[in-house]
Structure formats: C-alpha cells, structure tokens
Amino acid sequence: MEIEIDGKVAQVPDGSTIMDAAQQVGAYIPHFCYHKKLSIAANCRMCLVQVEKAPKPLPACATPVTNGMKVFTHSELAVKAQKGVMEFLLINHPLDCPICDQGGECQLQDLAVGYGGSASRFQEDKRVVFHKDVGPLISMQEMARCIHCTRCVRFGQEIAGVMELGMANRNMHSEITTFVGRSVDSELSGNMIDLCPVGALTSRPFRYSARSWELSRRRSISPHDSIGANLTVQVKNNVVMRVLPRDNEDVNECWISDKERFSYEALNSPARLGRPMIRVDGALREVDWNVALDYVSHALKDVVSNSGAASLAGLASPQSTLEELYLLQKLTHGLGSGNVDFRPRRRDFLADGKLGGVPWLGLKLSEIKSLDAALVVGSFLRKDHPLFAQRLRQLAKKGGKVSLLSSSGDDSLINLHAQLTVSPANLPLALAAIVKAAAQLKNEAVPAGLDSIDPCATCQAIARSLLDGEKRAVFLGNAAEQHPQAAQLHVLAAELARLTGATCGFIGEAANSVGGYVAKALPTALNAYEMFAQPRKAYILFGVEPELDCYDPQQAVAALKEAALVVMLTPFGDGAAQDYADVLLPITPFTETSGSFVNTEGRIQSFTGVVRPLGDARPGWKVLRVLGNLLALAGFDQNSSEQVRDEIVPAGTTFVAGLDNRVSGVPLSLMVTAGELQRIADVPIYFADPLARRAAALQKTRDAVAPTARMNAATLARLAVTDGAPVRLRQGNGEAVLTARADETVPAGCVRVAAAHVTTAALGEMFGAINVERA
C-alpha cells in the first residue's frame, strides 16, 4: 500500500495503520494509549490527524492505510484537534509536576509543552480519586493523575495473561482499580509502571528516592533466569537506584520480570559482605585481603598434599559469569581435582559425557512465535520463566497449540491446548505415553520398553498437536532437569522430537545454564550431588548457598560441617554460612563487575560494571585469578574479564559454538514408584537466587509467603489431616513443621513443599519420598 505522510511517500504492508506508516517515515504523531505491543484502544484521541477527503480528524493508531491515502500530521486542523484533546486531558489533571515521581520522563508533561495552553479555562473543582494499596511493588497513591489510556489494563489481559486492573464507573467518575481491593500479584506487574504515560503508576521501592535527571543510565544483563533480559540500570552517587528494561526484540522484547526489576534492593542490603573473614577460635573475624588469600592458598595446598587432590571440590552457582565459571574449573582442575560443577540443584547426571554438545533451547527465542505447537515438560512455567511463558502466551493467542506436562496444575495463564498433571515419579511414564501415541499415530514401530504403556486421551491429543503443522518444539523445564530421572526425560523428549519432526531443547534454570557447559565447569570425577553424598575435606563455594541452592540441602550442610576447609566466595555474609564457612571472601554482584552470560538460545551477552564495588568486595574473576597466581598454577595471567572470555569463545562471537541436544548411550529404563508419599519441590520465584532473597519489596509479595504443605483433598483425608492444621514433615534426618493446605492442583499421593526457603532447608531431596504426619 502506498501512503503519503506530510509529503513523504512510503510503502507499507496491507493492514498497517497510519501510526505504523508514520513511524516508518519518521513522522512523529503524539499519542498516549498507543503502544507497539498492545492492542489498539484509540481512547486517548491524542493521535488525531487530518486525512485528505475525510470529513473530520481520524485517530492515527486505529485508522488503516488505504492505497493513495494522504495524511497531514501537523496541519492546522490536526494541531487544533490535538490541542483540544490535550485541554480535555488536563482539565482534571493535578498540577503537581514538581513533586511527581514521573517528572522529567512524563509523556503528558512533554506533550503539554507543545499542545497545552498557557492557562486553563476550567474553573470548577477538579475530581479527586482516592489512592489504592495494590501491594509492595506498584504505588497507586496519586490516581487523580490517570488519563485512562488503559495501557495497564491491556497489558494485564494481553501480556501478563491476567486482568488485575480494570476501569470502573463512567465519564468523569471513571477510575482504574483492582477487583474488590485485591493486590496486583503478576510476576510481570512492574511493566505497568513503564507503560503508564503519566505518574499514576509508579515504583513503590523507588518512590521519592531520586529524580530522573539525576540518574546515570547504564546497560547490563539480567543475572537471574535463562532468558538474559537486557537491562538499563540507573545509578546515582554510585548506588543502583532503579532497573528498567532495555529493548531487545530478539531476547526480552521490551519487558522484564519483577524479579529483574526489583532485586536491585539486595545490592545495598545490610547483608552485603564488605571485608574478607576467617574463622578464628570458632568465630568469623574480618581480615585484610592479603591475609585471607594467603590463608586460603596455604590451606588448599595443605589439603591437597595431605589428603590428595580428590579431597577438594568446587561448586558454583549457575548465576555466575562465564569468566568466573571458567576460572573456577581451571583452578580446581589445576589443583588436580575433577570435582567441579555448576548445577547444584541437579540429581541425575547419567547423561554427562553422552551429550552431542552443549544443551540449549533448540531454537532462537524470536522463533517461538512461529511455532505451530509446543510441549513444555516439567516446569512451573510462570514462576520459573516469566518471559518465556509470555512468549508462549502470545503463541497460544495466535492459534499455536501449547501443551504442558508437569507435576503441578498451576494456572499458566496460557490458553493451553492440553495439560497433563502427574506425580514426579510418573512424569517419565506420562512422557513415554506421549511418545508411544506419536509412534502409533505415525504408524511407526513403538520404541522398545514402551509396549506396556497405554496412552490416555490427553497424551494422544498432545501427540497429535505435535504431528500437525510445520514447526514444533519440545521444551524441558527446570523440574525436568532437577528430576531424579532427568536423563530418561531427555531421551524420551529427544525421541518424541524425532517422531514428530520437532526441535528438542532445555529452557534452562539460570543465567549461565548454557554458559557453564561452554566454560567446561563440569565434573570429571564427582558431580554436584556426589561431592556432598561422598563428603570432601575441602570445598570452594562460588556464589552458591548450599542450604538453599542444593538438591539435598540436608546432605550438603552435613558434609560442609564435617569438612576441614570451606571457602565461600559470596557477596553476602549472612545466613547459614556463619555456621560452616571457614573463609568468606566478598565478591561483587553483577552490577559491580564485568563478565558474560550465555542465555538459553546460546547468545553470549557481555556487560560491564555500573557502580564501584561496595567496601572491599572484589570481582569474582579477579579473586580466582589471584588465587591461581598464589597457588603457582599456569594460565592465570589475565588482566581483564575480556581476556578471560576470549580464552573461552572467539572475540566477537554472538552465538556460542557446539550447541547440540542429542543424547546417546543412555538406556531407557522407566521405574514405577508406588505407595510412597512423594514430594514436589518448586523453587519460589523470589527465593531462587541470593539477590531475590534479599530484595525487601519482593519479600513482601504474595509469591514470597512462607511455604506450606499443599495436598489435594484425597491425600489430606488419607493422612487424616485437615486444611490449616500443622503437620510434621520428615525426610532423612531432617524435619519441618508446616501448615497443611488443600490444593487440588497437586496430584494425589503428593505433597508440594517449596525448596530454597529457610523453613524447609532441613528437609532432604527436592523430589523423593517424604513422610507427613499430624503435628
């Protein structure tokens, strides 16, 4: 279609609007309600333009282009209409720009300069809208500023998948509110703050802490989940004040999750470790860096010389940078030990050494929208991967068939094609049933070992959806990777992908779930589970808190308390580390260091520090490099993180090489567990990593409430327990007393007890037998 805008001719696709065409030719049209990712509302009317032969001005955001159309965005008629709309918008708007948190970055403020009058002709009293308490993250204290653009309402419905805000009343009494005083609890809710063109919705933690023109804006990458969201970190006086999304259509589009937005509070937490500490006479005492590093190097040499290199183990968090993971494995291997890993929440390592390459998503994030069908296996999808779930939500809205196989019936807020909820023990059997159904539908031979399985109707529906269409994918989530039969799930997913012509991939748990493989932070001897099951003499723990981050925290803490040496490199000095750590070395979080993350699609994204290190904290890669020097190990002469990165991947690399999800040599062996009460352990979104755990605002949300023992009515009746009653849970030598809650999303014979929380840290394995009795 050909259109002329202010004398400029453009070719635009059929179905485009005048707003789309204007953006193409670089013509600015003022607007409030329009947003590129939201549906057209056309209710602010600020984008009125003159169209040749049209009897009146038309909204550019809602008017489709016709061939030969001539548009005038700044004609006398258009500007008069735009100024008239602005006058109406300002009639009830309070004149409080000097005290408004949105001041300096307010669309209404900017446009009022060009389209507003010098004085108001409105003499009546302005309306008053009372403030609303919608939770600890979003402030709705000044809703009189609202211009009813409905961006926040449409975001909830279309992007977050839940309508938490809506419009109440009519005409001048209209107001945006929640339903009957409810709070806003979506894991993506903070994006409403960015979308609000005025100061009606503001960030509650950031409120009144800085003005926009006082802030320096610096680029960074999210250290949390595997998407690798691009961030803009705003800084004042060497303190991180706010975190906002940075547009990257191929990665996070223009969104970030609340965990990425608000976890910056932990960066300035009182729990930050400012100086090295060494345990002397049973107590941790502050020392200088040279003393601490000298002590650690000599202690490691003593352990290796007296007990052998195999008595040393190194464990890192998957949120560590690529450079840190690389130097940790280099240090551990340099001392002669093969006990190094970056997967603390993993239990089954049968596939190690049998993979075709580096496990990854299997396709680019931007390609998800073009899928015809997708199956997600073993994932608490919304909370584990908010931005990935958002992409699947958009896929389902456009007709893609999204199915979910998991151990929880949580509402994913996705229009699912099919959902199958089974116990953890039956998860491989359910996936095997889908594989068999696919083979039968294709009239192919049923894979060996699946003869006795009878696919249910839901399994057949999932298999059929993966056989239809041209582009399909099977994704393995966090719970699938943490499952005691993770290798079996991988084999079955790969076979299902082969049968259906789908891609098979891993969503990934953390920022460097792919990067850890690239950095070769993998065991050649004991893995992350075995290094605690078979206690070592010395441990190097990098960024990991074993009592919260390990598959079996009870086992991990017991091993650490028996060890002769526990060296922790961590940004925080609180928690259980006070009980078992012999040395605490303060390292910097992602905002105070440089490094790289490799996201789930294999994209390497490097970043630099945005503020100076707090106290005497030092970048983790530098600490590891100096330790390598003190231990006289070869290959520790890098002067920058870039030099470390270039040893791992060639300079200028965008996507890492060797991405391959093939697995071979893993025999299919499906086990059936009957009669035991099984634990389902989700990792709550705001307890998944050290930063989120210490963010004050996030810890006040509904998702941060203390764990309960959740069971369905049949399981409660079988145990003779009532909803709300205290129950005692036992695993191994540990126990916890929690409140029982009825939850029909939990499969029969299972109890859902969250991991990564201090109240459940004494329990054992995340997925396994558990004993529940009335307290």
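Quick caveat: nothing in here was measured; it's all calculated off a predicted structure.

## A closer look at helix H21 (residues 641–648)
And step 1. For H21, every residue scored as buried is listed here: Ser641, Val644, Arg645 and Ile648. Buried residues in H21, looked at end-on, bunch into an arc of 100°, giving them a common side.

## Quick look at the UniProt feature "domain: 4Fe-4S Mo/W bis-MGD-type" (unreviewed entry) in the protein chain
And step 1. In the UniProt entry, the feature "domain: 4Fe-4S Mo/W bis-MGD-type" (unreviewed entry) is given for residues 215–271.
And step 2. Measuring from the first to the last C-alpha atom of residues 215–271 gives 25 Å, for a span that is 9% helix and 35% strand.

## Some words on unusual backbone geometry
And step 1. Its identity as a non-glycine residue notwithstanding, asparagine 169 has a phi of 70°, on the positive side.
And step 2. Relative to the helices and strands, asparagine 169 is located in the loop between strand S8 (165–168) and strand S9 (175–178).
And step 3. By relative accessible area, asparagine 169 is classed as exposed at 52%.
And step 4. One non-glycine residue, alanine 720, lies in positive phi territory at about 60°.

## Thoughts on the side chain of histidine 35
And step 1. As for its position among the elements, histidine 35 is in the loop between helix H1 (18–25) and strand S3 (48–51).
And step 2. Look at histidine 35 and you get buried, because its relative accessible area is 15%.
And step 3. Not counting residues up to four positions away in its chain, the partners in contact with histidine 35 are Arg151, Leu195, Cys254 and Trp255.

## Overview of the packing of aromatic side chains
And step 1. Tallying each qualifying case throughout the model produces six aromatic pairs.
And step 2. Seen from their ring centres, phenylalanine 155 and tryptophan 255 are 5.2 Å apart, and the 55° between their planes marks the pair as tilted. One end of the pair, phenylalanine 155, is in helix H4 (residues 151–160); the other, tryptophan 255, is in the loop between strand S13 (239–245) and helix H6 (258–262), and 100 residues separate them in sequence.
And step 3. The class for phenylalanine 155 is buried, based on a relative accessible area of 0%.
And step 4. Between phenylalanine 388 and phenylalanine 475, the ring centres sit 5.2 Å apart and the planes meet at 90°, which makes this aromatic pair edge-to-face. One end of the pair, phenylalanine 388, is in helix H10 (residues 386–397); the other, phenylalanine 475, is in strand S21 (residues 472–476), with 87 residues separating them in the sequence. Each member of the pair phenylalanine 388 and phenylalanine 475 is classed as buried.
And step 5. Across the ring face of phenylalanine 206, the terminal group of arginine 242 is positioned such that the distance to the ring centre comes to 4.3 Å.

## Considering the nonpolar core
And step 1. Phe388, Leu392 and Phe475 are the most contacted members of the largest nonpolar core, which has 93 residues in total.
And step 2. When residues of this core are assigned to their parent elements, the largest contribution, six residues, is made by H10.
And step 3. Not counting residues up to four positions away in its chain, the partners in contact with phenylalanine 388 are Ile227, Leu361, Leu365, Ile368, Leu381, Phe475 and Ile507.
And step 4. Counting residues in hydrophobic clusters, the runner-up holds 51 residues, among them Ala292, Val304, Leu322 and Leu585.

## A short note on the UniProt feature "domain: 4Fe-4S His(Cys)3-ligated-type" (unreviewed entry) in the protein chain
And step 1. Feature annotation in UniProt assigns "domain: 4Fe-4S His(Cys)3-ligated-type" (unreviewed entry) to the following positions: residues 77–116.
And step 2. Taken end to end, residues 77–116 has its terminal C-alpha atoms 16 Å apart, with 60% of it in helix and 0% in strand.

## Examining H4
And step 1. In terms of burial, H4 is largely enclosed, as nine of its ten residues are buried.
And step 2. Among all positions of H4, only Arg151, Cys152, Val153, Arg154, Phe155, Gly156, Glu158, Ile159 and Ala160 are buried.
And step 3. Considering only its buried residues, H4 is in contact with helix H3 (107–115), S8, S9, helix H5 (191–195) and H10.
And step 4. Once H4 finishes, glycine 161 follows within two positions and takes phi at roughly 85°, a positive value.

## Focus on the state of the cysteines
Such a bond, covalent and formed between the sulfur atoms of two cysteines, is termed a disulfide.
And step 1. Applying the stated rule across the entire model yields zero disulfides.
And step 2. Lacking any disulfide linkage, cysteine 33 is separated from the closest cysteine sulfur, that of cysteine 44, by 3.7 Å.
And step 3. Unpaired in this structure, cysteine 152 has its nearest cysteine sulfur neighbour in cysteine 149, at a distance of 6.2 Å.

## Considering the domain arrangement of the protein chain
And step 1. Each assigned domain of the protein chain is listed with its residue range as follows: domain 1 (1–91), domain 2 (277–349 + 513–647), domain 3 (365–506) and domain 4 (678–774).
And step 2. Taking the mean C-alpha position of each, domain 1 and domain 4 sit 54 Å from one another.

Cut-offs and rules
Residues numbered from 1 in each chain as written. Predicted model: local features only at pLDDT ≥ 70, side-chain atom pairs only at ≥ 80, totals over all residues. Heavy atoms only, no water. Buried < 20%, exposed > 50% of the residue type's maximum accessible area, 1.4 Å probe, protein only. Helix = DSSP H or I, 4+ residues; strand = E, 2+ residues; numbered from the N terminus. Arc of directions from axis to C-beta. UniProt positions renumbered as here; feature names shortened; annotations may be inferred. Contact = heavy atoms within 4.5 Å. Phe/Tyr/Trp six-rings, centres within 6.5 Å; stacked < 30°, edge-to-face > 60°. Lys NZ or Arg CZ within 6 Å of the ring centre and 35° of its normal. Core = buried A, V, L, I, M, F, W, Y, C linked by side-chain atoms within 4.5 Å. Disulfide = S-S within 2.5 Å. Domains from an automatic or database assignment.

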